[in-house]
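Structure at a glance
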Amino acid sequence: MTALVELHNVGLVRSGKRILDRVDLTVGEREIVTLIGPNGAGKSSLVKVALGLDRADQGKVRRRSDLRIGYLPQRFHLDSALPMSVRRLMTLTVETTEDKLLAALDEWGVGRLIDASIHVLSGGEMQRVMLARAMLRAPNLLVLDEPTQNLDINGAVECYQIIQRIRDRTGCGVLLVSHDLNIVMAATTRVYCLNGHVCCSGHPDAVSRDPEFLRLFGPSGASTLALYAHHHDHDHAPDGHVVNDHHDHDHKHDHVHDHKHGPH
Amino acid sequence: MDDFILRALVAGCGIALLAGPLGCFVVWRRMAYFGDTLSHAALLGVAAGFALGVSPIIGVMITCIAVGALLLGFQSQSRVPTDTLLGILSHAALSFGLIAIGFMDTVRVDLMGYLFGDILAVTATDIAWIYGGAVGVLAVLAMIWRPLIALTVHADLAMAEGIAANRFKVIFMLLIAVTVALAMKIVGVLLISALLIIPTAAARRFAKGPEAMALITVVLGMIAVGAGLFYSIQWDLPSGPAIVAAATFVFVLSLLSGAGSTQPRQS
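Structure report, in brief.

Procedures and definitions
- Residues numbered from 1 in each chain as written.
- Chains lettered and ligands numbered in written order.
- Predicted model: local features only at pLDDT ≥ 70, side-chain atom pairs only at ≥ 80, totals over all residues.
- Heavy atoms only, no water.
- Axes fitted to C-alpha atoms, helices over the stretch in contact; angles between N-to-C directions.
- Helix = DSSP H or I, 4+ residues; strand = E, 2+ residues; numbered from the N terminus.
- Parallel < 35°, antiparallel > 145°, perpendicular 65-115°, else oblique.
- Contact = heavy atoms within 4.5 Å.
- Buried < 20%, exposed > 50% of the residue type's maximum accessible area, 1.4 Å probe, protein only.
- Pairing = 2+ DSSP bridges.
- Right-handed = clockwise from strand over helix to strand, strands pointing away.
- Expected span 1.5 Å × (residues − 1).
- Bend = angle between axes of the 7 residues up to and from the residue.
- Core = buried A, V, L, I, M, F, W, Y, C linked by side-chain atoms within 4.5 Å.
- Polar contact = N/O pair within 3.5 Å; in protein donor to acceptor, adjacent residues only side chain to side chain.

**Section: the packing of helix α8 (residues 165–187) of chain B against helix α9 (residues 192–203) of chain B**
Residues and elements named next belong to chain B. One can describe the packing of α8 onto α9 by two numbers: an axis separation of 8 Å at closest approach and a directional angle of 100°. Between α8 and α9, the interaxial angle falls into the category roughly perpendicular. Contact with α8, carried on its side by T179, V180, A183, M184 and V187, involves I192, L195 and L196 of α9 and no other residues of that element.

**Considering the pairing of strand β7 (residues 173–178) of chain A**
Residue and element names in this part refer to chain A. With six of six residues buried, β7 lies mostly within the body of the structure. Because side chains alternate across β7, one face comprises the buried residues G173, L175 and V177, and the other comprises V174, L176 and S178, equally buried. Direction of pairing for strand β6 (residues 141–145) relative to β7: parallel, over a ladder of five bridges. Looking at β7, one finds that L142 is bridged to V174. Handedness of the crossover is the feature at issue here: the chain leaves β6, passes through helix α5 (residues 153–170), returns alongside β7, and the resulting connection is right-handed.

**A closer look at the sheet that holds strand β5 (residues 69–72) of chain A**
Residue and element names in this part refer to chain A. Strand order in the open sheet formed by six strands is β5-β6-β7-β3-β9-β10, and the pairing between neighbours is mixed. Looking at strand neighbours, the two that pair on one side only are β5 and β10 (197–202), the edges of this open sheet. The mean angle between the axes of side-by-side strands here comes to 15°, regardless of whether they run parallel or antiparallel. Bridge count between strand β9 (residues 190–195) and β10: five bridges; the pairing is antiparallel. What sits directly across from L194, in β10, is V198. Lying on the sheet, helix α1 (residues 43–51) is in contact with β3 (32–36), β5, β6, β7 and β9; it crosses β7 at an angle near 155°.

**Quick notes on unusual backbone geometry**
Residues and elements named next belong to chain A. Although it is not a glycine, R22 sits at a positive phi angle of roughly 45°. Topologically, R22 is positioned in strand β2 (residues 17–27). Positive phi is not limited to glycine here, since E146 has a value of about 55°. Checked against the element boundaries, E146 lands in the loop between β6 and α5. Overall, the relative accessible area of 8% leaves E146 in the buried class.

**Topic: helix α2 (residues 32–52) of chain B**
Residues and elements named next belong to chain B. The end-to-end C-alpha distance of α2 is 30 Å, a good match for the 30 Å that 21 residues give at a rise of 1.5 Å each. Helix geometry: α2 is bent most strongly at L43, by close to 30°. Directly after α2, the chain includes G53, whose backbone phi takes a positive value near 75°.

**Focus on the nonpolar core**
The biggest cluster of nonpolar side chains holds 162 residues, and the ones touching the most others in it are L89(A) and W108(A). The element contributing the most residues to this core is α8(B), with 15 residues.

**A look at the side chain of E107(A)**
Residue and element names in this part refer to chain A. Mapped onto the fold, E107 is located in helix α3 (residues 98–107). When its relative accessible area of 17% is taken as the criterion, E107 is described as buried. A distance of 3.1 Å separates polar atoms of two side chains, one belonging to E107 and the other to R165. If we ignore the near neighbours within four places in the chain, the residues touching E107 are I162, R165, I166 and R169.

Below, the structure is given as structure tokens:
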């Protein structure tokens, strides 16, 4: 089966600044790929390249021809000059039935808001509506840029559970961006840690038995979340340049490391 | 009612019909300055029309399309901020237009008429132009309405969902160029963007959706045209400023009216 999206050796330069450097990334059907990295690491830029909104300066981007994308942008703000109801927002680029519309909103617990003006929604409500909107197009690739922002910890856990449920039901691939460097979805197939380039990538370790985790998130949350242990083979100078560790000459300069598969 | 007043009213309502839906997009897309620049460039088009011996409307359309294309092209560069660029082009176009018209000794040009509009001098041919243009522009706008709304809400989102942004941007720019050319006679180049923006701003408080807002804008625009025309004749005012002043009163009244000021939260 060909990958939904495949990036090979992608580089991106904007205003003389190198934003992405030799990035490889693949999202296949049923896969949940989590992209993490500090602020300014180029996560959203990478997502835009993968979506085809931005053209890479180097490398190759392959998108499967039957790609149907459900996208949640990192920022969504509608100028109050444009009146719009939730219903209208949901159906901007898609024709659908009332049943499907309500089902999508209900899955995210915001069915009651269907006729509300989007200008009166809270941040969390808006986020749920936008998530429901991304699912409504029956996408085979979900691209979610920080889906848990504006949600509290319980909301975030629930959000991950719904994403996993939708993946299980529809078999779509998921590309998920998170600003949390250590805690990711337990169902994640691969984590990519990005800082301009891919620092490391691999499988997250599920931590549902870790007592510390149980205490923080409860049993349901702990089985939804996983820890990602970073295995970097290099350090970053204050300006972001990669500095190789000269005390460790044995270290392979291979950016991809295998991780032990944790229980999940 | 005298014939010339009737013609003025019919022409003015045609422009309100045209300016309403387009004006909504100008406001939603925050393109007020863009509209200003195109309409100021219209004066240059008038001069070009005379120089080439074609109708001023044709000259204006061609000039506006050229300036619009220039602006779209410049939007992707980052050496000059877009609003600065718009400001430069807007006033440069106005100045060069005035200079060019100043050179036209052989043709007598009613400069005041082009700057502030001369609704009472509207001919049957003008009306044919306005309604023909309005039908064409509104038909095209209806065709691109849904994708244009999606792009206005969030460009990246719409593009990720398969909408070709550039094509619709170019079409929309062409529609504004045609509208500017048609509205010039009624309100004058200095005030065209006011006609695009003020009725739209007044309509916002009464509208729950984009389509309703466009319709309300048309109605409020027609009220402004009617009232402006009436006082323009009554007190011998220049027609463009009278219509824009009336639109401003409509806007102030909309602020004072309570309707739509509270949007109840659904629960």
